[in-house]
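In case you want the letters, here they are:
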Amino acid sequence: MEIGSDEGTDDEFVPASSMRKTEQPTADGGNSLTGQLLAPGNYLLHFPLGDLSTLDVYAYDLDVPGGLDPTDDDVQNGALGFTARVAANYRYRSGAPVTANGPLSLYAVEELTDELSVGDYTVRPERRDTETLAAQSFDDREPLCELVKQDIKSALNGSYEVNAINSIVEHSPHFSAPSGDFTASREYKCRVWVDPDGTVLCGVDVGFHLASTFSAAEYVRRGYDIEGVRVEHDTEVYANSATGTVAELADTGYTDRVPEMGSSIAAYHRDHGYVDPAVIDSLTAGDPTMARIDYGSATGLQVLELCRVVPSLDQLKRVDADFHSQFQRRTRLAPKQRFSAASSFVESIGTTPALGLTLEARPVNDCYSELAVNTGTNNLRFRADRTASYGLRGLNDYGVYQRPESFDLLAVYPDQQEEESQEFLRLLITTLNDYGADPTRLDQEAYTLGSEFEYTHVASDAAEYDGVVAVVPDPDWLAQYPDIADPYPEFKRQWGQAKVPSQMVLVSNLDEERYQANIASGLVAKCGGIPWRIHDVPGDTDVFIGLDVTYDLDTGLHRGASANVVLADGTILASQTVSQQAGETFEVDDVVDIIKTLLKVYASEENRSPNHIVIHRDGQFYLDVDDLVDRLDRGGDLIPKVDLVEIRKSGNPRIANYTGDAFEVANKGTGFVSNHTDHAYLATTGKPERLPGTPQPIQLIKRHGSTDLQTLTRQAYWLSEAHVGSVSRSTRLPITTYYADLCADHARKGYLLNGELIRGVPYV
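Residues numbered from 1 in each chain as written. Predicted model: local features only at pLDDT ≥ 70, side-chain atom pairs only at ≥ 80, totals over all residues. Heavy atoms only, no water.

Visitor: Would you take a moment to explain the layout of surface pockets for this structure?
Guide: Over the atoms rolls a probe the size of a water molecule, and its path tells where empty space is left. In this structure, the second largest pocket encloses a volume near 630 Å³. Looking at the second largest pocket, it is lined by 24 residues, and the ones nearest its centre are Tyr488, Gln503, Met504, Val505 and Asn509. Taken together, the elements giving at least two residues each to the lining of the second largest pocket come down to α14 (487-497), β27 (502-506), α15 (516-526) and α19 (735-748). Considering only residue class, the lining of the second largest pocket consists of 13 nonpolar, eight polar and three charged. (1 Å grid on protein atoms, 1.4 Å probe; cavity = no way out; pocket = protein on both sides within 12 Å on 5 of 7 lines; lining within 4 Å. Points joined across faces, edges and corners; volume = space filled by probe spheres on them. Helix = DSSP H or I, 4+ residues; strand = E, 2+ residues; numbered from the N terminus. Nonpolar A, V, L, I, M, F, W, Y, C, P; charged D, E, K, R; others polar.)

Visitor: Please explain the environment of serine 726 as it appears in this structure.
Guide: Mapped onto the fold, serine 726 is located in the loop between α18 (709-720) and α19. Taking relative accessible area as the criterion, serine 726 reaches 18% and is therefore assigned buried. Discounting residues that sit within four places of it in the chain, serine 726 has contacts with Asn518, Trp532 and Thr731. Among the polar contacts listed, one links the side chain of serine 726 to the backbone oxygen of arginine 729, at a separation of 2.6 Å. (Buried < 20%, exposed > 50% of the residue type's maximum accessible area, 1.4 Å probe, protein only. Contact = heavy atoms within 4.5 Å. Polar contact = N/O pair within 3.5 Å; in protein donor to acceptor, adjacent residues only side chain to side chain.)

Visitor: Can you walk me through the pattern of salt bridges in this structure?
Guide: Any two side chains of opposite charge can pair, so long as their charged atoms come close to each other. What the rule picks out here adds up to 35 salt bridges. The salt bridge partner of aspartate 63 is arginine 124, with a shortest N-O separation of 3.5 Å. With a gap of 61 residues between them, aspartate 63 in strand β4 (residues 54-63) and arginine 124 in strand β8 (residues 121-134) connect regions that are remote in the sequence. Across the salt bridge formed by arginine 648 and glutamate 646, the nearest N and O atoms sit 2.7 Å from each other. The exposure class assigned to glutamate 646 is buried, which follows from its relative accessible area of 0%. (Salt bridge = Lys/Arg side-chain N within 4 Å of Asp/Glu carboxyl O.)

Visitor: Help me understand empty space enclosed by the protein, please; the structure alone is not making it clear to me.
Guide: The final tally for this structure, using the stated rule, is three cavities of 30 Å³ or more. Here the largest cavity is characterised by a volume of approximately 80 Å³. Lining of the largest cavity is provided by 15 residues; of these, Gly391, Glu721, Ser726, Arg729 and Ser730 occupy positions nearest its centre. Across the lining of the largest cavity, the residue classes tally to four nonpolar, seven polar and four charged. Considering only enclosed or pocket space, the second largest cavity measures out at about 50 Å³ in volume.

Visitor: So what exactly am I meant to see when it comes to the sheet that holds strand β35 (residues 663-665) here?
Guide: Remark on secondary structure: sheet strands pair via backbone hydrogen bonds, oriented parallel or antiparallel. With antiparallel pairing, three strands are arranged side by side in an open sheet as β2-β34-β35. Of all the strands in the sheet, just β2 (41-44) and β35 have a single pairing partner and so form its edges. If you compare each strand with its neighbour and ignore which way they point, the axes differ by 45° on average. Two strands pair when backbone bridges link them, and strand β34 (residues 655-658) and β35 are joined in this way by three bridges, in the antiparallel orientation. Bridge pairing in β35 links asparagine 657 to glutamate 664. (Pairing = 2+ DSSP bridges. Axes fitted to C-alpha atoms, helices over the stretch in contact; angles between N-to-C directions.)

Visitor: Honestly, the side chain of arginine 654 in this entry has me stumped. Any pointers?
Guide: Topologically, arginine 654 is positioned in the loop between β33 (641-648) and β34. Separated by 3.1 Å, the side chains of arginine 654 and aspartate 205 make a polar contact.

Visitor: What should I look at first to understand a negative patch on the surface in this one?
Guide: A contiguous patch of negative charge on the surface is contributed by Asp415, Glu418, Glu419, Glu420, Asp511 and Glu513. Note that glutamate 419 resides in helix α11 (residues 418-434). Look at glutamate 419 and you get exposed, because its relative accessible area is 69%. (Patch = residues over 30% accessible without salt bridge, like charges linked within 9 Å, V, L, I, M, F, W, Y side chains within 5 Å. Areas by Shrake-Rupley, 256 points an atom, 1.4 Å probe, with all protein chains shown as cover. Lys, Arg positive; Asp, Glu negative; His and termini not counted. Charge placed at Lys NZ, Arg CZ, Asp CG, Glu CD.)

Visitor: Is there a simple way to explain the sheet that holds β4 in this structure?
Guide: In space, the five strands of this open sheet follow the order β5-β6-β4-β8-β7, with antiparallel pairing throughout. Taken across any chain shown, the strands that pair with only one partner, and hence form the sheet edges, are β5 (98-100) and β7 (116-118). The sheet shows a mean angle of 40° between the axes of neighbouring strands, direction not considered. Across four bridges, β4 lies against strand β6 (residues 105-108) in antiparallel orientation.

Take a look at the structure:
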């Protein structure tokens, strides 16, 4: 598990040079920019890798005698998936980069001559010719990037555990739990970019890979629920690496015949040589724990003694709370520590073996122009159209922009927390009054912790109210009392499906006055009010639409979509979410239908159709963008101007400020716009807020439209300031995609009615 780290620590770094003297592959520090000249200023923390304006490669077609059987498991991901497997086989044999170039077509840096056996198929490479890939060609840049990634991985093989270009893990743990049950190793994520001018850049992010040292079977023996937990093959005892999620424990024994296999798991392991015979004998003599594991592309039986848990932070906290605290502290890196580790890692790469590219251990802004948003301006609008620079200041000085028309509230709390709950409510009402949003009615009701059926009765009393404030016990407390059902999901489900917005408060937070402003602001928004609006958003956009389409990369299926419509001033009008039904596939039609529904809401509210729409997609447009554009263009008379923008959250180079001596946190609103392509990086968090660590930028990629990238980037920043659930600290994502994701999550959990139009923001 990789944990992105964002806070300073007092850990001392060991210079990479001394690590190499002990033949350790790791880069664990090093002197920042020793002997190098670097001007003070803001930098993207990515590193130059040389020039690759053109590259001559061998092009091959793959001959498969008899053809591919589409029903065969070996080609279940289609011809392109099969081609990727063939490319990996050739890459393993030759040690040189090979990549797919469409179904049954390859590019290779070195000549391929051998035929291969892949599953039950024979594959022969038939050379077409030598081709020249050019960085200035959009179609060529993807295979160029892939070949560079493979060459970097080849340079690191043996020195690191190279799982993927974004998971390069040091062999030696950086630190371990005192119990010996867990280890944390540095993990490096590389992101390769080939610019149209030929410049090759490699972003390096530093995180930590958390691993357990005990088997998944031991996890079960200790009394923990294994269903839904991610596990990985323990490659010290099992030949094939793989990661999956435990679907359920299985009654089938290790030596029992599995009908669909025609043999037992023990016989399968012995026949294929996956497990040492002595280990098989030991397992056969005992009573190993069997489970059915979902590997994504397939589900199969496995022995949990041969797997280790891939712990989430929640699981780590449950099993070893002390190490969880230590892990949280030690894995948070300030910019100077992050850069020091990244630059030493870059030095360890050296020169790539096939392409001869050499990384320089200094950051550069080549191919980008810096952008700065004026974040200190009073650009948020509150009561009486007064403006302030951030939410809490405006609420304290002026109050909410618009209070709910009706604000009848019901408060419920466990009977054993009555006294502290009433004190909490007193402070909440005071805060709402101070903000000019005092409730029109407040009733209180105590409930008894027990069964979910009792909670259903309590929930039904809320139908006549505009909103509910519910005090609920903490999960850690509930874990001690298995006979008490958690009221949180039952309340959320009952009130959500009755369209009564709710604000949940954990017992442990009742005396946390710092949460009062967030709770008050969120409650106002959920009940139909507007805490604040954006005073001025760059550009001429009338309405933004946030779109989140859940996509399963393993199956190639779309699981659902959610969207919301946001006015140019950041006001949410409505949201809608639709989940995939059994056997269905999500298509462009479904997304267009959601967009049409939300535009009807806009027209009814504004009495006109929008002239300019910007659609933000959370992540990548896996749907056919050309098809979506064509569908939207058909409504050109109603929607003359449309921009499509991807908002990507992970894998982006960090942005930091170099003072002349060391790297520090950059100002929020700092960005970099590509000079030659339609993408930009933006730090939506940072100074002057007291945020620990190095902010994680978002990436914006313009896929369609006429609005310039600088304007789209500035819009995204101000939309990230419109999150009414965070009054004192900037949020990382614009509310377009952030709220679409929250809405989808609530719908998946049953807290909202799937497919229904949702007014307001009950999911905040």
